[in-house]
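Chain residues, written in single-letter form:
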Amino acid sequence: MSKIVIYPGTFDPITFGHLDVIQRAADLFDKVVVAVLENAAKTPLFTMDERVDLIKKAVENFSNVEVDIFHGLLIDYAKSKNAIAIIRGLRAISDFEYEFQMALMNRKISEGITTVFLMPHEKYTYLNSTIVRELARLQADVSDFVPKFVVDKLTNKFKKA
Ligand code: PNS
């Protein structure tokens, strides 16, 4: 049976840290579904279409990675995809408490789906989408943190009027 894993998130936008986790997951599982949360409570910088397009571009060289949108409970979505696991990246101890709580709650909802934590390369320890957006807004160079086509999109978003 094919081992399918879900990598859920907001991906606003996708970073090299996310891509490092995707690479590790793609090496371990038969199929990785990068699942972008549709969340009315959040106002992301990038629209859903933009986020999905950027991720698709970023993963185009992976043969076993696909990109999808989900809403509602992650566990319900994971079941609908016949996934056996959920991937989350852990960069630092500060991530742990929130991730631990979410993983245990997801396990309480469904024993059958395991959360697997993967650590991206330590050079990405300090990296997240919020910081990338903030740097780009302040016209700083973010090319070490996101692919070129994401840099271009960010530049466009924050172009001075
Ligand atoms: O990239 P993020 O914003 O850290 O991802 C958070 C995400 C999407 C994994 C989380 O908010 C989520 O799973 N939301 C779906 C709703 C859900 O299942 N909530 C219960 C989690 S215990």
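Residues numbered from 1 in each chain as written. Predicted model: local features only at pLDDT ≥ 70, side-chain atom pairs only at ≥ 80, totals over all residues. Heavy atoms only, no water.

Draft legend 1. Molecular detail of a nonpolar patch on the surface. Nonpolar side chains collect at one region of the surface, where Ile-93, Phe-96, Phe-100 and Leu-104 lie side by side and expose about 410 Å² of accessible area between them. Residue position: Phe-100 is located in helix H4 (residues 93-109). Phe-100 sits in the partly exposed class, given a relative accessible area of 41%. (Patch = residues over 30% accessible without salt bridge, like charges linked within 9 Å, V, L, I, M, F, W, Y side chains within 5 Å. Areas by Shrake-Rupley, 256 points an atom, 1.4 Å probe, with all protein chains shown as cover. Salt bridge = Lys/Arg side-chain N within 4 Å of Asp/Glu carboxyl O. Helix = DSSP H or I, 4+ residues; strand = E, 2+ residues; numbered from the N terminus. Buried < 20%, exposed > 50% of the residue type's maximum accessible area, 1.4 Å probe, protein only.)

Draft legend 2. View of the side chain of His-18. Tracing the chain through its elements places His-18 in helix H1 (residues 16-28). Among the polar contacts listed, one links the side chain of His-18 to the backbone nitrogen of Thr-15, at a separation of 2.9 Å. Setting aside chain neighbours within four positions, we find His-18 in contact with Tyr-7, Phe-11, Pro-13 and Ser-129. (Polar contact = N/O pair within 3.5 Å; in protein donor to acceptor, adjacent residues only side chain to side chain. Contact = heavy atoms within 4.5 Å.)

Draft legend 3. Inspection of the site of the ligand at higher detail. Near the ligand there are 14 residues, and of these Gly-9, Thr-10, Lys-42, Leu-74 and Arg-88 occur at the shortest range. Between an oxygen atom of the ligand and a side-chain N or O atom of Thr-10, the distance comes to 2.6 Å. Measuring from an oxygen atom of the ligand, one finds a side-chain N or O atom of Arg-88 at 2.9 Å. With the chains in place, 75% of the 560 Å² that the ligand exposes on its own is no longer accessible. It is H4 that contributes the most residues to the shell around the ligand, four residues altogether. (Near = heavy atom within 4 Å.)

Draft legend 4. Inspection of the nonpolar core at higher detail. In this structure, Ile-22 and Leu-154 are the most contacted members of the largest nonpolar core, which totals 37 residues. Sorting the residues of this core by element identifies strand E1 (4-9), H1, strand E2 (31-37), helix H2 (48-58), strand E3 (65-70), strand E4 (85-89), helix H5 (129-137) and helix H6 (148-157) as the ones contributing at least two each. Excluding anything up to four places from it in sequence, Ile-22 contacts Tyr-7, Ile-14, Val-34, Val-59, Phe-62 and Val-65. One finds Ala-35, Leu-74, Ala-78 and Ile-86 within the second-largest nonpolar core, a separate group that totals 12 residues. (Core = buried A, V, L, I, M, F, W, Y, C linked by side-chain atoms within 4.5 Å.)

Draft legend 5. Region of interest: the environment of Asp-152. Mapping Asp-152 onto the fold places it in helix H6. On a C-alpha basis, the gap between Asp-152 and Glu-38 in space is 24 Å, while along the polypeptide they are 114 residues apart. In this structure the side chain of Asp-152 is engaged in a polar contact, spanning 2.8 Å, whose partner is the side chain of Lys-148.

Draft legend 6. Just unusual backbone geometry, in detail. A cis amide bond links Asp-12 to the next residue, Pro-13, at an omega of 5°. Within the secondary structure layout, Pro-13 lies in the loop between E1 and H1. In this model, Phe-11 sits at a positive phi of 50°, which is unusual for a non-glycine residue. Positionally, Phe-11 belongs in the loop between E1 and H1. With relative accessibility at 3%, the residue Phe-11 sits in the buried group. Non-glycine residue Asn-82 carries a positive phi angle of around 55°. Here Asn-82 shows up in the loop between helix H3 (74-80) and E4.

Draft legend 7. Inspection of the pattern of salt bridges at higher detail. Inspection of the entire model under this criterion finds 11 salt bridges. Note that Lys-157 is salt-bridged to Glu-50, the shortest N-O span being 3.0 Å. With a gap of 107 residues between them, Lys-157 in helix H6 and Glu-50 in helix H2 connect regions that are remote in the sequence. With relative accessibility at 33%, the residue Lys-157 sits in the partly exposed group. Here Lys-148 and Asp-152 are joined by a salt bridge, their closest N and O atoms 2.8 Å apart.

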